[in-house]
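# What the coordinates show
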Amino acid sequence: MTSYYLHFSVEEQHDHEESPLSGQPDQVKSEDTQQQIIRETFHLVSKRDENVCNFLEGGLLIGGSDNKLIYRHYATLYFVFCVDSSESELGILDLIQVFVETLDKCFENVCELDLIFHVDKVHNILAEMVMGGMVLETNMNEIVTQIDAQNKLEKSEAGLAGAPARAVSAVKNMNLPEIPRNINIGDISIKVPNLPTFK
Amino acid sequence: MALKMVKGSIDRMFDKNLQDLVRGIRNHKEDEAKYISQCIDEIKQELKQDNIAVKANAVCKLTYLQMLGYDISWAAFNIIEVMSASKFTFKRIGYLAASQCFHEGTDVIMLTTNQIRKDLSSPNQYDTGVALTGLSCFVTPDLARDLANDIMTLMSHTKPYIRKKAVLIMYKVFLKYPESLRPAFPRLKEKLEDPDPGVQSAAVNVICELARRNPKNYLSLAPLFFKLMTSSTNNWVLIKIIKLFGALTPLEPRLGKKLIEPLTNLIHSHSQHRDLTGICASVSVLISLSSGMPNHSASIQLCVQKLRILIEDSDQNLKYLGLLAMSKILKTHPKSVQSHKDLILQCLDDKDESIRLRALDLLYGMVSKKNLMEIVKKLMIHVDKAEGTTYRDELLTKIIDICSQSNYQYITNFEWYISILVELTRLEGTRHGHLIAAQMLDVAIRVKAIRRFAVSQMAMLLDNAHLIASNAQRNGICEVLYAAAWICGEFSEHLEEANQTLEAMLRPKVTTLPGHIQAVYVQNMVKLYASILQQKEQAGEKEAAQEITQLMIERLPQFVQSADLEVQERASCILQLIKYIQKLQIKEVPVAEEVIALFAGELNPVAPKAQKKVPVPEGLDLDAWINEPPSDSESEDEKPKTIFHEEEQRHSRHRQPEIDEEELARRREARKQEQANNPFYIKSSPSPQKRYQDTPGVEHIPVVQIDLSVPLKVPGMPMSDQYVKLEEERRHKQKLEKDKKKKKQKKEKRGKHHRHNSLHTESEEDIAPAHHVDIITEEMPENALPSDEDDKDPNDPYKALDIDLDKPLADSEKLPVQRHRNVETLKSPDSEVPLVEKKSKKPKKKEKKHKDKERDKGKKKEKEKKVVEEEEEEKKSEPAMGTAVVAESQEVKKEGREEQDEEEEDEGKKSSKHKKKKHKKEKEEKSKDKKKSKKKSHHSEEEPPESVQNGTLEDEPLPVSSCAQTYDIQGNLQNDSQVTVSVIFENKSTSFLKSMELNVLDSLNTKMLRPEGSSVHDGIPVPFQLPPGISNEAQFVFTLQSIVMAQKLKGTLSFIVKNDEGSTHEKLDFKLHFSCASYLITTPCYSDAFAKLLESGDLHMSSIKVDGISISFQHLLAKICFHHHFSVVERVDSCASMYSRSIQGHHVCLLVKKGENSVSIDGKCNDSTLLSNLLDEMKETLSKC
């Protein structure tokens, strides 16, 4: 069972880490526990070397031995999922890849700042893939189609009234320091094993 | 219109949006908290505005803040508002926020039911989708029950996008509302063959989740899944199905046989292509299959072989998965894994912690008598090398787990084990001090032969306590001192240098240890003292004995000053004892015998689950009363006494063997109960019976002379390694001997207390334990019922889903569908005291677009806002006094308040200017005369004799409607947990009111009684319509659990206003105040009965005093009688006694005394909370006089 329940960004002095963390939505977690989980997860994940495996047994904090953390590292970003034993480890690694590729498509060359400034959109994309802790859709094309359709709907709703707001936001963004557009997906290639075909 | 919208959006385009917020936070690194609190203030302002776009923007920002760890639950209601926006853009924001911050404890969540239902049936598929996604995150049992039917309908939606979401969310619904599983299952099964792959995969997903927990119910689906497996091209689906088969095969071996062949072939074909991931996946499948078939060793062999290839691979992910799979095989085929010990030990050196942890896990299952020492030795090396404390702690627990597993089955030399434990205490910063301590205690208690050695080691630990406790507060390792002190004290007869140990325990440094450890120190130093005293006295060294007493007297005061209660108490007690001993010693009276008698008796270990296994003797009914319970009023006082009595009994150590079997059983039960309740209990307890039986046996236990070939040179730090060498030599010798002689040595059987060596495998049998060690089996009650039931967790949420799905559906098994309630059921037979409620009128600000067809009856809503006002008014009516008078006097007051209220509301709610204008006009008109806002009338009902009740005025302004309500709460004598609320509805408008529905938000304690089968969110229809100017009364019954506190319930009255221009749907919010006085029923009482009641002494007492009372005493009593439902028992001058009774039978007695300007009231009641609440209410009433 995978499920996201928050998506956060931690900034350290020089590197940016961001991770959609999944957890058990059915447990009531206070904001404090939530932050503690994030910190701990970040701590666990960030100190791991390259070339080690992508699985982590996080212990009690993430709900006991049945659950584990599965993460992938892309440049300055970590994508971490917390799953229980009903999910296949390699499958989740694949899912993370699908997620990142989907982000890339929806944001057109996604970069870290996209994720930081548009957390809501990231959430919406994730919501098309994972629902209530269960994998909903793994087909990237299908996900992108639905997201596009929803964006279109949103635009049509904004209509005339939305125009000035868009203009202002464009002006606001001009003042931004140039946004680095390099998340470099695939730069660091984790060997994504292709799932076997059973035939 | 469009222009206005543009203008609106220009107004707000300089509001901060999410991006601005994020940017702001990033620019305010130094004072982030301050900046955010500023932002939250802004957001609060934005939430107060009427514009939904502004609200949505605010909620969107809140969602981000929630992710940063800020609590946003205060905005839950605003989130619901945004969820109910008509635009998808806002709706999505609202649902996202809800999915992030709502949980089962969110109280407003029940308000969402209708909104969600509406969204689910929206023509826009994305509205539905977003509602489903949100719901999946915060579904509660109530929501699940109310919406199950709607969701089930969606499972057959035309759009696959909706179907797949609806199918998936059903799993959440099942979890929260298991009754829905059977009715929904046939359709779920259908979805397995849905043409859309997404829906199919969702269905597989749900069924696999379900089957994982309760596989046997899903066996009948096996053929269907087999078909899917061979036809599906979706890898996700395949993996899920295969995992499902893994769970099914243990239950149905034939299934496994069918699968094993193709899978074996698969592995082979993958190997040919060196496709490791393929191997990995199929091997893990095969493993889950084979686990169900113990005899298929060929395939297991194949698996293990392939896994080895994986583990040796350079890809860390594959290595990890290989180890993971290995551990699954280990459970069923430990032998085949054991041959790969080398490989696994090698993995312990891996740089990757995850892999090391996996390897450790495997080791646990691989130890045997032969290799235990070796493996532990390796682990100890890793402990020293380990960097992270997490990993080191993990190692530590694993070492202990490995050694202690199956009742120390693999340990041949306990001296070695104790040494290992002592070595582990050198670890700094470990959290597992208590674990080590528990092991030390367990071994010392259960392995009699090791006690001498253990005591000597523990004495050394105590001696070197400063090493361990140096940073006592920070690390948990000082816990071992707890064990050390206890062992040294309890088994002090084995201690050689008792004096020295005692001194070590008395060091001033000890006072820096945590309290519970000090307490054990104090207790055990007396044991130690007692045994030293005995030694000295026997040796005739009186002076030495007095010296030691003196030492105790000198050092104990440092503990008497301890801040820890337990330590202080024990220390001062013991100090007195020792002072007394000193006196006796001076008189040269031999005391040692008596002192040692304080600690006589021996402890036997009791199995942790023993209590549960005690069979209930025939004919014993545990639920039956031993003595008939005394009457209510007495019971509370009685209880503490019994408890105290019992406890006393339990605490004494029983030393005499009992003759009476029953008595024995009873005491044992009591003792075990205490043990179960006592977290500090060390899993052992004195058992007189055991000791009795054992006595003859003790001589038979060969107490081994500990051979001190291991020099204990480093104090406190024994070298466990030496034992390894010794052990090897010993085994070698043993082997030689054995070769010569035939193994003639037969182990003496030592009855049930002996370890079951015979169980061991042959290869292990050669290794005789170094010492004859007697591991005492943990004590179990006689006739214990063998059962493994206790392994199951009764709270397992999945257990509820263990439902037979093959049985045909019964008619009664239907998902609840929303229905209208029957009015008749509401009628409550008793009528009672009317309470009058006041109404306030207010302009309605929002047009409600309720779609509820049933209510609307298809009529379109009118967009024009109607100005309606209502004021809720509450009036008290008293039988004796004329109600009309009261009503009138209140009306005047009300008038003033009304206006104030209105103003407040204006500020509080964002209303369009347009609306405000109208509102003002209305007010003006009103102030002129009350023509427009129809005149108010207060009605009081006729009162039955027992009527008592009234409500109190609400402080908050109520929104207005064209309908006035008056209410009265009254207790129901027939039923101690019900009150009836009579509400008078009066239509003060010129319009026709119909379809009124009254709904109340139930609290835990107070619930509106609704017709059976209806949900708690449904309102109750008012069984009449109101033409203009007409009033009518309806009654509603509420059930209560506790009446000791006053309650306020929020409620809503919704109705349709119909006039010439059309009809609108309106709502009126109100509050019901259940004061404590409303639970009282005026009951006459005679003075002798009253005196008796006061004498009985079971009543709690409390009193109040109110100053500045000017009204006459007579008047005052009348007020209390009227407002609080008391009756006067006796009156003497300015002093009166009064009495009343609650609907649940609490007696309430009052003594009212009037001074010059003040009144004092002393109250007595069975329930102190009720009393204090009543007095508070009275104070309020009186202070108004």
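Residues numbered from 1 in each chain as written. Chains lettered and ligands numbered in written order. Predicted model: local features only at pLDDT ≥ 70, side-chain atom pairs only at ≥ 80, totals over all residues. Heavy atoms only, no water.

## Things to note about the overall build of chain A
Note the following rule: To qualify as a helix, a DSSP run of H or I must reach at least 4 residues; to qualify as a strand, a run of E must reach at least 2; elements of each kind are numbered from the N terminus. Only protein chains enter the accessibility calculation, which uses a 1.4 Å probe. A residue is then buried if its area is under 20% of the maximum for its type, exposed if over 50%, and partly exposed in between. Note on definitions: a residue-residue contact is assigned when non-hydrogen atoms from the two residues lie within 4.5 Å. The Shrake-Rupley method, run with a 1.4 Å probe sphere, supplies the accessible areas, and residue values consider only the shown protein chains as cover.
In terms of regular secondary structure, chain A is built from five helices and seven strands. Listing each helix as α and each strand as β along chain A from the N terminus yields β-β-α-β-β-β-α-α-α-β-β-α. Within chain A, buried positions represent 57% of all 199 residues. Considering only residue pairs separated by 6 or more positions, chain A has 55% of its internal contacts joining residues 24 or more positions apart. Surface accessibility of chain A: about 8,400 Å² in total, with carbon and sulfur atoms responsible for 50%.

## Examining the overall build of chain B
Regarding its fold elements, chain B presents 46 helices and 18 strands. Residue burial in chain B is summarised as follows: out of 1185 residues, 53% are buried. Across chain B, the fraction of contacts at a sequence separation of at least 24, relative to all contacts at a separation of at least 6, is 73%. With the model as given, the accessible surface of chain B reaches about 56,100 Å², and the carbon-plus-sulfur share is 52%.

## Considering empty space enclosed by the protein
Filter applied, for reference: Within this scheme a cavity is a closed region of a 1 Å grid, computed over the protein atoms alone, that accommodates a 1.4 Å probe without allowing it to escape, whereas a pocket is open but has protein on both sides within 12 Å along at least five of seven lines; lining residues each have an atom within 4 Å of a point. Grid points are joined across faces, edges and corners, and a volume is the space filled by probe spheres set on the points. Three categories are distinguished: nonpolar for Ala, Val, Leu, Ile, Met, Phe, Trp, Tyr, Cys and Pro, charged for Asp, Glu, Lys and Arg, and polar for the others, with Gly belonging to the last.
Scanning all chains against the criterion turns up 11 cavities of 30 Å³ or more. The volume enclosed by the largest cavity comes to roughly 150 Å³. As for the largest cavity, its lining consists of 17 residues, of which A:Asn124, A:Ala127, B:Arg92, B:Val130 and B:Thr133 are closest to the centre. Among the elements of the structure, helix H4 (119-129) of chain A together with helix H6 (88-101), helix H8 (125-138) and helix H10 (160-176) of chain B are those that each provide at least two residues to the lining of the largest cavity. Here the lining of the largest cavity takes five residues from H8(B), the largest share from any one element. Its residues assigned to classes, the lining of the largest cavity shows seven nonpolar, seven polar and three charged.

## Quick look at the nonpolar core
Basically, it comes down to this: Here, the term nonpolar core denotes a set of buried Ala, Val, Leu, Ile, Met, Phe, Trp, Tyr and Cys residues that are joined through side-chain atoms within 4.5 Å. The domain boundaries here were taken from an automatic or database domain assignment.
Counting residues in hydrophobic clusters, the biggest one holds 154 residues, and the most contacted among them are B:Tyr417, B:Leu424, B:Met440 and B:Tyr521. Residue contributions to this core peak at 12 residues, all from helix H30 (residues 515-539) of chain B. Domain assignment of the residues forming this core places at least three in each of domain 1 (29-87) and domain 2 (88-157) of chain A. Setting aside anything within four residues of it in sequence, one finds B:Tyr417 in contact with B:Ile400, B:Cys403, B:Ser404, B:Tyr408, B:Ile411, B:Gln439 and B:Val443.

## Section: the sheet that holds strand S3 (residues 55-56) of chain A
Residues and elements named next belong to chain A. The line we're drawing: Here a strand pair is declared whenever DSSP counts at least two bridges between the two strands. Lines fitted to C-alpha atoms define the axes, with helix axes restricted to the stretch in contact, and inter-axis angles between N-to-C directions lie between 0 and 180 degrees.
Overall, antiparallel pairing links the three strands, which are arranged S3-S4-S5 in an open sheet. The strands lining the two open edges of the sheet, one partner per strand, are S3 and strand S5 (77-83). Pairing analysis gives seven bridges linking strand S4 (residues 68-74) to S5, with the strands arranged antiparallel. Within the sheet, the bridge partner assigned to Leu69 lies in S5 and is Cys82. Together, S3, S4 and S5 form the strand contacts of helix H2 (residues 89-107), whose direction differs from that of S4 by roughly 40 degrees.

## Regarding unusual backbone geometry
One non-glycine residue, A:Asn109, adopts positive backbone phi at about 60 degrees. Take A:Asn109: its relative accessible area is 54%, and that puts it in the exposed class. Backbone geometry places B:His1125, a non-glycine residue, at a positive phi of 65 degrees. By secondary structure assignment, the location of B:His1125 is in the loop between helix H45 (1113-1124) and strand S15 (1127-1132).

## Quick word on the packing of aromatic side chains
Residues and elements named next belong to chain B. Counted only if it meets this: In this scheme Phe, Tyr and Trp rings, the latter by its six-membered ring, pair at centre separations within 6.5 Å, and the angle between planes marks the pair as stacked below 30 degrees, edge-to-face above 60, and tilted otherwise.
Inspection of every chain in the model, using the stated rule, returns 15 aromatic pairs over all chains. Pairing Phe88 with Tyr126 gives two aromatic rings, centres 6.2 Å apart and planes at 55 degrees, and the pair type is tilted. Of this pair, Phe88 sits in helix H6 while Tyr126 sits in helix H8, placing them 38 residues apart in sequence. Centre to centre, the rings of Phe226 and Phe245 are 6.4 Å apart; their planes meet at 65 degrees, and the pair counts as edge-to-face. Pair noted here: Phe226 is in helix H13 (residues 222-231) and Phe245 is in helix H14 (residues 235-248), with a separation of 19 residues, a long-range link.

## As for the packing of helix H29 (residues 498-505) of chain B against H30(B)
A pair of packed helices is characterised by two quantities: the angle between their axes and the separation of those axes. Residue and element names in this part refer to chain B. As a reminder, the rule being used: In what follows, roughly perpendicular refers to angles from 65 to 115 degrees, roughly parallel to angles under 35, roughly antiparallel to angles over 145, and oblique to any angle outside these ranges. The crossing is said to be left-handed when, going from far helix to near helix, the turn is anticlockwise and less than a right angle, and right-handed when the turn is clockwise.
Two elements in contact, H29 and H30, have axes whose closest approach is 10 Å; the angle formed by their N-to-C orientations is 155 degrees. Looking at the two axes, H29 sits roughly antiparallel to H30. Every pair of crossing elements has a handedness; the one defined by H29 and H30 is left-handed. Listed contacts from H30 to Ala498, Asn499, Thr501, Leu502 and Met505 of H29 are Tyr521, Asn524, Met525, Leu528, Ile532 and Lys536. Among the residues making up the contact of H29 with H30, the classes are represented as seven nonpolar, three polar and one charged.

## Some remarks on the pattern of salt bridges
The line we're drawing: For salt bridges, the criterion is a side-chain nitrogen of Lys or Arg within 4 Å of an Asp or Glu carboxyl oxygen.
With the rule as written, the count across this model stands at 34 salt bridges over all chains. A salt bridge links B:Lys176 to B:Glu104; its shortest N-O distance comes to 2.6 Å. Taken together, the residues span a long stretch of sequence, with B:Lys176 in helix H10 and B:Glu104 in the loop between H6 and helix H7 (113-120) at a distance of 72 residues. Given a relative accessible area of 21%, B:Lys176 falls into the partly exposed group. By relative accessible area, which is 42% here, B:Glu104 ends up partly exposed. The partner of B:Asp442 in a salt bridge is B:Arg446, with the nearest N and O atoms 3.3 Å apart. With B:Asp442 and B:Arg446 both in helix H25 (residues 433-446) and four residues apart, the pair spans about one turn of that helix. Overlapping salt bridges, with partners in common, bring together A:Glu57, B:Arg358, B:Asp361, B:Glu394 and B:Lys398 in one network.

## A few points about the sheet that holds strand S12 (residues 1062-1074) of chain B
Residue and element names in this part refer to chain B. Strand order in the open sheet made by the four strands is S9-S7-S11-S12, with antiparallel pairing throughout. For this open sheet the edge positions go to strand S9 (1020-1021) and S12, each flanked by a neighbour on one side alone. Here strand S11 (residues 1047-1059) runs beside S12; their pairing, made up of 13 bridges, is antiparallel. Opposite Leu1053, over in S12, you have Leu1068 as the bridge partner.

## Comments concerning a nonpolar patch on the surface
All names here are of chain B. For clarity, the cut-off: Each patch is assembled from residues with relative accessible area greater than 30% and no salt bridge, linking like charges that lie within 9 Å and nonpolar side chains (Val, Leu, Ile, Met, Phe, Trp, Tyr) that lie within 5 Å.
Side chains of Phe77, Leu111 and Leu1001 sit close together on the surface and give an oily, nonpolar patch of about 260 Å² of accessible area. For Phe77, the location among the structural elements is in helix H5 (residues 76-83). For Phe77, a relative accessible area of 47% translates into the label partly exposed.

## Focus: the packing of helix H28 (residues 479-490) of chain B against H30(B)
All names here are of chain B. One way to put it is that H28 packs onto H30 with a least axis distance of 8 Å and a crossing angle of 15 degrees. With respect to their mutual orientation, H28 and H30 come out roughly parallel. The handedness of the crossing between H28 and H30 comes out as left-handed. Within the contact between the two elements, H28 uses Glu479, Leu481, Tyr482, Ala485, Trp486, Cys488, Gly489 and Glu490 and H30 uses His516, Ile517, Val520, Tyr521, Asn524, Lys527 and Leu528.

## So, H25(B)
To keep things clear, this is the line we draw: Helices are assigned an expected span. That span is 1.5 Å times one less than the residue count.
Relative to the 20 Å expected for 14 residues at 1.5 Å per residue, H25(B) spans 20 Å between its end C-alpha atoms, a close match to the ideal helical length. By the criterion of burial, H25(B) is predominantly enclosed, with 11 of the 14 residues buried.

## Digging into the pairing of S11(B)
Residues and elements named next belong to chain B. Looking at chain direction, strand S7 (residues 992-1000) and S11 are connected through seven bridges and run antiparallel. Looking across to S11, one finds that Asn999 is bridged to Thr1052. Here S11 folds back onto S12, and the loop between the two strands holds two residues.

## Re the pairing of strand S16 (residues 1135-1142) of chain B
Residue and element names in this part refer to chain B. In terms of burial, S16 is largely enclosed, as six of its eight residues are buried. Here strand S13 (residues 1080-1081) pairs with S16 via two bridges, running antiparallel. Of the residues in S16, the one forming a bridge with Leu1080 is Ser1142. As defined by bridge partners, S15 adjoins S16 across five bridges and the pair is classed as antiparallel.

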